[in-house]
Amino acid sequence: MWRIASLVVLIILNFPSFADEVHFTGAYSTDQLRGVRAGYRVTNLPVELPSWIGSPKLHVEAALNHWQDSNNTEDNITAFTISPILSWHIAGAQRPLFLEAGIGGSYFDKTQISNRRLSTQFQFEDRISLSWQYNRSSSARIALGYTHYSNADIKRPNDGLDFFWLSWALPF
């Protein structure tokens, strides 16, 4: 476990050299789980996506998640996630609104939290959110979203985890 944690810390410490946005997130699950997420996003990728899917921008995000059981704070789980994110500008010019979606991969330090059994430490991260640039003079955004973690039935049981979250993103 310490080797994995050390690797995650090294990756996160080196990621700012090419990332251009940081985000902080609070999450809550209807299964009484709560948590935080901190991550980096690379937004300036030289990729043009086809117009038939709405010409979204492609970003790549790496994050460290930590959740705990609200009823038993000693029961917690941590995950490192890397995910491509597609972002569509859907409204506004000076304070734009974006629809974002992505499917990535996560590595969990355990396979169970509370009554949720995940079976594998590898999980897919499926997410969707609305992101709003709330201030014209800053590129900072807030986002409201939903994320689902599951191993896609690679191994059973596959209870998965679902979170609703609020995030603050700050470009630098």
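Our subject is the structure that appears above.
Now for a quick tour of the structure.

What counts, and at which threshold
- Residues numbered from 1 in each chain as written.
- Predicted model: local features only at pLDDT ≥ 70, side-chain atom pairs only at ≥ 80, totals over all residues.
- Heavy atoms only, no water.
- Phe/Tyr/Trp six-rings, centres within 6.5 Å; stacked < 30°, edge-to-face > 60°.
- Helix = DSSP H or I, 4+ residues; strand = E, 2+ residues; numbered from the N terminus.
- Buried < 20%, exposed > 50% of the residue type's maximum accessible area, 1.4 Å probe, protein only.
- Contact = heavy atoms within 4.5 Å.
- Patch = residues over 30% accessible without salt bridge, like charges linked within 9 Å, V, L, I, M, F, W, Y side chains within 5 Å.
- Areas by Shrake-Rupley, 256 points an atom, 1.4 Å probe, with all protein chains shown as cover.
- Salt bridge = Lys/Arg side-chain N within 4 Å of Asp/Glu carboxyl O.

1. Topic: the packing of aromatic side chains
For step 1, the next point in the chain: Under the definition given, this model contains nine aromatic pairs.
For step 2, the next point in the chain: Seen in terms of ring centroids, Phe-108 and Tyr-149 are 5.5 Å apart; in terms of plane orientation they differ by 80°. Their pairing is edge-to-face. One end of the pair, Phe-108, is in strand E5 (residues 97-108); the other, Tyr-149, is in strand E9 (residues 141-150), with 41 residues separating them in the sequence.
For step 3, the next point in the chain: Overall, Phe-108 belongs to the buried group, its relative accessible area being 0%.
For step 4, the next point in the chain: With a centroid separation of 5.4 Å and 45° between ring planes, the pair formed by Tyr-146 and Phe-164 is classed as tilted. On the criterion of sequence distance, the pair formed by Tyr-146 in strand E9 and Phe-164 in strand E10 (residues 161-171) is long-range, its members being 18 residues apart.

2. Re the side chain of Glu-61
For step 1, the next point in the chain: Following the sequence through the fold, Glu-61 ends up in strand E3 (residues 57-69).
For step 2, the next point in the chain: Glu-61 has contacts with His-23, Arg-37, Tyr-40, Arg-41, Thr-81, Ile-82, Ser-83, Ile-85 and Arg-127, leaving out every residue within four places of it along the chain.

3. Observations regarding a nonpolar patch on the surface
For step 1, the next point in the chain: The grouping of Phe-24, Trp-132, Ile-142, Leu-144, Leu-166, Trp-168 and Leu-170 at the surface amounts to a nonpolar patch, some 650 Å² of accessible area in total.
For step 2, the next point in the chain: Of the residues forming the nonpolar patch, the biggest block, three residues, is contributed by E10.
For step 3, the next point in the chain: Checked against the element boundaries, Phe-24 lands in strand E1 (residues 21-28).
For step 4, the next point in the chain: Judged by its relative accessible area of 42%, Phe-24 is partly exposed.

Don't take any of this as a statement about function, it's just geometry.
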